[in-house]
Amino acid sequence: MFRLNLDDLSFDDPIVQSPEYGGTLDAIAIKGNYLYAAGLGTQRIRRYNLSDLSEDDPVVQSPMYGGNIHRLVINGDYIYAGGSHTQRIRRYNLSDLTADDPIVQSDDYGGTIFEMFGL
Amino acid sequence: MIRDKLLMGVQKEDGFTYLYASGTAAFRVKKYYVDTLEQTDDVSAHLQFSNLTSMCHGNGALYVGRTTFKHVVKLDLHTLAGDDPLVVSPGYGGDVHAVCCFGDYVYAGGSSDSTSHSRVKRYNASDLTLEDPAVESANFGQPIRRLIPHGGYIYGGSGGLMPREFADIIQTLHWIHQAPRFQIIYQTSPYMGIMSMSSVEPGACLG
């Protein structure tokens, strides 16, 4: 994950980029001072500092979603993930990316969730 | 300072009542209560074995990009019902991977059946017709994965899933379109595989 300047699409020097996520990134959401990213491979949501795209030590990340994550949506104190295999929308606590017990999730969408948005 | 930056990803304001989801296999847009994740009674009709890849909304309508039928579908944003007959765009010419709404238009991008024609195409939001003459971008060169409107421009991201060995000879383009006139400015950034993008400006993007 990297950052571009909006006016001319140039990189900063040095390039501002995150540590490797561990797979292809397919979803990002931003709130406050953090950027949340998810995708394929690790199947987790990871949190990065928005200012420099660094990770905290230890890394703040969600439990495994159970499939590739294709979309993230933030609402209030929660972040929602949708994707493949579980084919459900799952809810995580935004503060530490933990899941409630039992996990709050939708019924099976019926296929891979490619797109989500809130209204 | 961050406000002038563009990051890959999806940006949303919060304070929602509903979450909308689309994808494969179910071939429907489904709507959930955000608090409980229970599905509402508002669900689209079965959209005929076509993956629903991307959504955007504007003026009370929901626009959904499709693969098999390679076009954009217009639904009611709240009930998810479609008109009879269903309002669909003319064929994009390939799988639609990305749609975004901006002003009176819906913009679609994707992977063309012809490798030389990955373009952004503009449809009238009211009825998804093309203008005469049709307005479209220059060839993007690779599948267009994301489109986001921001500050008078539409940003496009392409690539993803390309073999690494092509990295030296194929640049993933990261370009700007000026909307609504749609005259290309075309600035690029050499980077492979842009799957997702976001502006840091709140509410600017529906990835």
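Residues numbered from 1 in each chain as written. Chains lettered and ligands numbered in written order. Predicted model: local features only at pLDDT ≥ 70, side-chain atom pairs only at ≥ 80, totals over all residues. Heavy atoms only, no water.

A.B. asks: Can you help me understand the state of the cysteines in this one?
C.D. replies: Each disulfide consists of one covalent bond between the sulfur atoms belonging to two cysteines. Residue and element names in this part refer to chain B. The full count for this structure, using the stated rule, is one disulfide over all chains. Between the sulfur of Cys 56 and that of Cys 101 lies a disulfide, 2.3 Å long from S to S. Every disulfide takes its handedness from the sign of the S-S torsion; for Cys 56 and Cys 101 that torsion is 70 degrees, giving right-handed. Of this pair, Cys 56 sits in strand 5 (residues 52-58) while Cys 101 sits in strand 9 (residues 94-102); the two residues are 45 residues apart in sequence, bridging distant segments of the chain. Judged by relative accessible area, Cys 56 falls into the buried class, the value being 2%. This cysteine, Cys 100, is not joined by any disulfide, and Cys 56 carries the nearest cysteine sulfur, 6.4 Å off. (Disulfide = S-S within 2.5 Å. Helix = DSSP H or I, 4+ residues; strand = E, 2+ residues; numbered from the N terminus. Buried < 20%, exposed > 50% of the residue type's maximum accessible area, 1.4 Å probe, protein only.)

A.B. asks: Explanation requested: the confidence of the model for chain B in the structure shown.
C.D. replies: Reading predicted coordinates in detail is not appropriate for stretches of low pLDDT. All names here are of chain B. Chain-level statistics for chain B give a pLDDT mean of 74 and a share of 67% at 70 or above. The model gives residues 160-187 a pLDDT under 50, and that stretch makes 89 contacts with residues more than four places away or in other chains. For this predicted complex, the interface confidence reaches an ipTM of 0.92, while the overall pTM sits at 0.82. (pLDDT = per-residue confidence, 0-100. Contact = heavy atoms within 4.5 Å.)

A.B. asks: Looking at this model, I keep getting lost on unusual backbone geometry. Mind explaining?
C.D. replies: It is generally the case that most residues other than glycine have a negative phi and that most peptide bonds are trans. The omega angle of the peptide bond from A:Asp101 to A:Pro102 is 5 degrees, so this bond is cis rather than trans. Checked against the element boundaries, A:Pro102 lands in the loop between strand 7 (90-93) and strand 8 (113-118). Look at the link from B:Asp132 to B:Pro133: it is a cis peptide, with omega at 5 degrees. Note that B:Pro133 resides in the loop between strand 11 (121-124) and strand 12 (144-150). In the Ramachandran plot, A:His85 falls in the positive-phi region, its phi being about 65 degrees despite a non-glycine side chain. Mapping A:His85 onto the fold places it in the loop between strand 6 (78-83) and strand 7. Positive phi values are uncommon outside glycine, yet B:Asn59 reaches one of about 55 degrees. Following the sequence through the fold, B:Asn59 ends up in the loop between strand 5 and strand 6 (61-66).

A.B. asks: Please clarify how the pattern of salt bridges should be interpreted in this entry.
C.D. replies: Pairing is possible between side chains of opposite charge, provided their charged atoms come close. Following the criterion strictly, the structure yields eight salt bridges over all chains and no others. One salt bridge connects A:Arg47 with A:Asp56, and the closest N-O pair in it is separated by 2.7 Å. Here A:Arg47 falls in the buried class, since its relative accessible area comes to 10%. When its relative accessible area of 25% is taken as the criterion, A:Asp56 is described as partly exposed. We note a salt bridge from B:Glu136 to B:Arg119, for which the minimum N-O separation is 3.5 Å. Remark: B:Arg119 occurs in the loop between strand 10 (105-112) and strand 11 and B:Glu136 occurs in the loop between strand 11 and strand 12; sequence separation between them is 17 residues. Looking at B:Arg119, the relative accessible area reads 18%, which means it is buried. (Salt bridge = Lys/Arg side-chain N within 4 Å of Asp/Glu carboxyl O.)

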